[in-house]
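Structural features, examined
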Amino acid sequence: MKNTIGVLAVQGAFAEHIKALQKLNCHCIEIRKPSDLTDHSLDGLVLPGGESTVIGKLLRELALFEPLKDRIEAGLPVLGTCAGLILLAGQIAEDDTIHFGTMNMVARRNAYGRQLGSFQTAAEFDGCGTIPMVFIRAPYIESVGASVDILARVDHHIVAARQGNMVVTSFHPELTADLTVHQYFLSLVQHKAKTCIA
Ligand code: GLN
């Protein structure tokens, strides 16, 4: 059976997530309005990169905020990348804004500087080996609570983490050909032990 994954498609890099998930045999639904949530039974949700202030505003204007928050709180597996990480953060450093706020961590926006903050590197991802990581005006995770596992670090900064069914990366896994992060997310969706693509 194919997994049905909702990909928030109001702004940002959602098309690339859909391509990656389709390579892993998922059925993807673009989430743009509340009926996209009620018309489909989702096995997982992706919150893409983009601009978290814009996505947060659109979520509220499009009446998607509450239904998505309810589903995340009910345990729907969610992958948040870059701006998606910021949407899930329980706290944003030097910022009073909280969006979904479901993950016990402090995120810092534009943590690598606003203009020169885009770069590519490679680092170990939770025992799955070294994977390419593309950072675009990225946040990093400044601190995590006890319930959060750290999945990756770059230069001592936390760039990927997991709390229960929530996985976040400050980099953009959908912008490389490497499918490790999506595969990792799908292993949560399928309630399986962690799987790494060899
Ligand atoms: N800088 C963006 C923000 O603060 C995130 C950038 C991204 O998603 N690539 O929301």
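Relevant structure appears above.
From a predicted model like this one, the values you see are computed outputs, not experimental measurements.

**Notes on the overall build of the protein chain**
Looking only at helices and strands, the protein chain features 6 helices and 12 strands. Here the C-alpha atoms of the protein chain give a radius of gyration of 15 Å, agreeing with the 16 Å that 2.2 N^0.38 yields for 198 residues. Over its C-alpha atoms, taken along the principal directions, the protein chain stretches across nearly 45 × 40 × 30 Å. The proportion of buried residues among the 198 residues of the protein chain is 53%.

**Focus on the layout of surface pockets**
What the largest pocket holds in volume is close to 170 Å³. In terms of lining residues, the largest pocket is bounded by 15 residues, among which G50, E51, C82, I136 and R137 are the most central. Looking at the lining of the largest pocket residue by residue, the classes come out as 6 nonpolar, 6 polar and 3 charged.

**Comments concerning helix α1 (residues 14-23)**
By the burial criterion, the buried members of α1 are F14, H17, I18, A20 and L21. Projected down its long axis, α1 shows its buried positions confined to an angular sector of 165 degrees, all on one face. Across from the buried face of α1, at angles greater than 90 degrees, the exposed residues are K19 and K23. Elements in contact with the buried residues of α1: β1 (4-8), β2 (27-31), β3 (44-47), β4 (78-81) and α6 (180-189). Just beyond α1, the residue with positive phi is N25, at close to 70 degrees.

**Some remarks on the nonpolar core**
One recurring pattern in soluble globular proteins is that nonpolar side chains are buried together. Membership of the largest hydrophobic core comes to 34 residues, with the highest contact counts inside it found for I5, L21, F125, M133, F171 and L186. Ranked by the residues each element gives to this core, the list is headed by α6, at 6 residues. Within the second largest apolar cluster, 33 residues are counted, among which are L8, V78, I86 and A89.

**Comments concerning the side chain of E174**
Following the sequence through the fold, E174 ends up in the loop between β12 (166-169) and α6. It turns out E174 is buried and unbridged, and the closest side chain with the opposite charge, K19, is 11 Å from it. When residues no more than four places from it in sequence are discounted, the contact partners of E174 are A13, E16, H17, T81 and H182.

**Comments concerning the site of the ligand**
What surrounds the ligand is the set G49, G50, E51, S52, C82, A83, I86, R109, N110, I136, R137 and H172. A distance of 3.0 Å is found between an oxygen atom of the ligand and a backbone nitrogen or oxygen belonging to A83. The contact in question runs from a nitrogen atom of the ligand to an N or O atom on the side chain of N110, over 2.8 Å. For the ligand, the accessible surface in isolation is 300 Å², of which the surrounding protein chains cover 98%. Its atoms largely coinciding with the cavity grid, the ligand occupies the largest pocket. Among the residues forming the shell around the ligand, the class breakdown is 4 nonpolar, 5 polar and 3 charged.

**Focus on helix α4 (residues 65-73)**
An α-helix turns once per 3.6 residues; consequently, residues spaced three or four apart project the same way. Listed as buried for α4 are F65, P67, L68 and I72. Phi for G75, located one or two positions after α4, is positive at around 105 degrees.

Definitions and cut-offs
- Along each chain, residues carry numbers from 1 onward, in the same order as the chain's sequence is written.
- It should be noted that, the model being predicted, local features are given only for residues of pLDDT at least 70 and side-chain atom pairs only at 80 or more, the latter also being counted only at that level, while totals for whole chains, interfaces and linings use all residues.
- Side-chain descriptors were evaluated using all non-hydrogen atoms of the structure, hydrogens and water having been removed beforehand.
- The helix count covers DSSP runs of H or I at least four residues long, the strand count covers runs of E at least two residues long, and both are numbered beginning at the N terminus.
- The globule rule used here is 2.2 Å times the number of residues to the 0.38 power, and the radius of gyration it is set against is calculated over C-alpha atoms.
- Type-normalised accessible area, obtained with a 1.4 Å probe on protein chains alone, sets the label of each residue: buried when under 20%, exposed when over 50%, and partly exposed for intermediate values.
- Lining residues are defined by having an atom within 4 Å of a point belonging to a cavity or pocket. Those points lie on a 1 Å grid over the protein atoms alone, cavities being sets where a 1.4 Å probe fits but cannot get out and pockets being open sets with protein on both sides within 12 Å along at least five of seven lines.
- Grid points are joined across faces, edges and corners, and a volume is the space filled by probe spheres set on the points.
- Note on residue categories: nonpolar means Ala, Val, Leu, Ile, Met, Phe, Trp, Tyr, Cys or Pro, charged means Asp, Glu, Lys or Arg, and polar means any other residue, Gly included.
- Working note: the arc is built from the helix axis to C-beta atom directions.
- Should any heavy atoms of two residues lie within 4.5 Å, those residues are counted as being in contact.
- Within this scheme, the nonpolar core is defined by two criteria: the residues are buried Ala, Val, Leu, Ile, Met, Phe, Trp, Tyr or Cys, and they are joined through side-chain atoms within 4.5 Å.
- This count recognises Lys and Arg as positive and Asp and Glu as negative, with His and chain-terminal groups excluded.
- Salt bridge criterion: a side-chain nitrogen from Lys or Arg within 4 Å of a carboxyl oxygen from Asp or Glu.
- Proximity criterion: a residue is near a molecule or strand once any of its heavy atoms comes within 4 Å of it.
- Under this definition, polar contacts are N or O atom pairs within 3.5 Å; protein pairs additionally need one hydrogen-donor-capable and one acceptor-capable atom, and for neighbouring residues in sequence, both atoms have to be side-chain atoms.
- Note that accessible areas follow from Shrake-Rupley with a 1.4 Å probe, and for residues the cover is restricted to the protein chains shown.
- Any molecule with more than half of its atoms within 2 Å of a cavity's or pocket's grid points is regarded as sitting in that cavity or pocket.

Function cannot be read off these values alone, since they describe shape.
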